[in-house]
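As a plain string of letters, each chain reads:
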Amino acid sequence: MVANPQNPFHILLVEDEPVIRELVRSMLSDGAVEVVCASNGVEGLKLAKGRPFQLILMDVVLPQLDGISVCRMLKSDPLTSKVPVYMLTAKSKKADMESATLAGADGYIQKPFKGAELMALVERLRQAT
């Protein structure tokens, strides 16, 4: 990715697994992309409402407040409703995907995910802004 430190692309990653948080952060952060992490749904919701992000990557199964509920709250708030929310989760049943879509999720990335898939998503969204 081309570095543009004047106008970084801000991503919020809401993930309770420390290994996955660090993997995603190190994979995507490069000067042009800044990844801010939250380890639970409550913290993620607070961060999402406290500053602007261009993308939110969120696990479905989270402590305190699940990702589907957080997604629903973000999409119902005019302040955060336009931010793309992609669920990043091991839950891969059709019903899980449908509940994410009904909550307003813009996409669904299954774990284990491919780094190239995640990087391509970020690059596509960066080009669109």
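This text goes with the structure placed above it.
Notes on the structure follow. Just so it is clear, the model here is predicted, and its values are computed rather than measured.

Cut-off values and rules
Residues numbered from 1 in each chain as written. Predicted model: local features only at pLDDT ≥ 70, side-chain atom pairs only at ≥ 80, totals over all residues. Heavy atoms only, no water. Buried < 20%, exposed > 50% of the residue type's maximum accessible area, 1.4 Å probe, protein only. Helix = DSSP H or I, 4+ residues; strand = E, 2+ residues; numbered from the N terminus. Pairing = 2+ DSSP bridges. Right-handed = clockwise from strand over helix to strand, strands pointing away. Salt bridge = Lys/Arg side-chain N within 4 Å of Asp/Glu carboxyl O. Core = buried A, V, L, I, M, F, W, Y, C linked by side-chain atoms within 4.5 Å. Contact = heavy atoms within 4.5 Å.

1. Here we look at the pairing of strand β3 (residues 55-58)
Stage number 1. The alternating pattern of β3 places L55 and L57 and I56 and M58 on opposite faces, both of which are buried.
Stage number 2. Taken together, the three bridges between β3 and strand β4 (residues 85-89) define a ladder with parallel strand orientation. The residue of β4 that forms the bridge with L57 is Y86.
Stage number 3. Viewed along the sheet, the connection from β3 through helix α3 (residues 67-76) into β4 turns out right-handed.

2. What to know about the pattern of salt bridges
Stage number 1. If you walk through the whole model with that rule in mind, you get eight salt bridges.
Stage number 2. A salt bridge links K111 to D59; its shortest N-O distance comes to 3.3 Å. Pair noted here: K111 is in the loop between β5 (107-110) and α5 (115-128) and D59 is in the loop between β3 and α3, with a separation of 52 residues, a long-range link.
Stage number 3. Looking at D59, the relative accessible area reads 6%, which means it is buried.
Stage number 4. Between D106 and K75 there is a salt bridge, with its nearest N and O atoms 2.8 Å apart. Linking D106 in the loop between α4 (94-102) and β5 with K75 in helix α3, this pair joins segments that are 31 residues apart in sequence.
Stage number 5. Through salt bridges with shared partners, a single network forms among E15, D59 and K111.

3. Considering the nonpolar core
Stage number 1. Counting 23 residues, the largest nonpolar core has L12, I56, M58, L74, V85 and M87 as the members making the most contacts within it.
Stage number 2. Every element with two or more residues in this core is listed here: β1 (9-14), β2 (33-38), α2 (41-50), β3, α3 and β4.
Stage number 3. In terms of residues, this core owes the most to one element, α3, which gives four residues.
Stage number 4. Sequence-distant contacts of L74, defined by excluding residues within four places in its chain, comprise L45, A48, I56, M58, T80, S81 and V85.
Stage number 5. With 19 residues, the next largest nonpolar core counts I11, V35, L88 and I109 among its residues.

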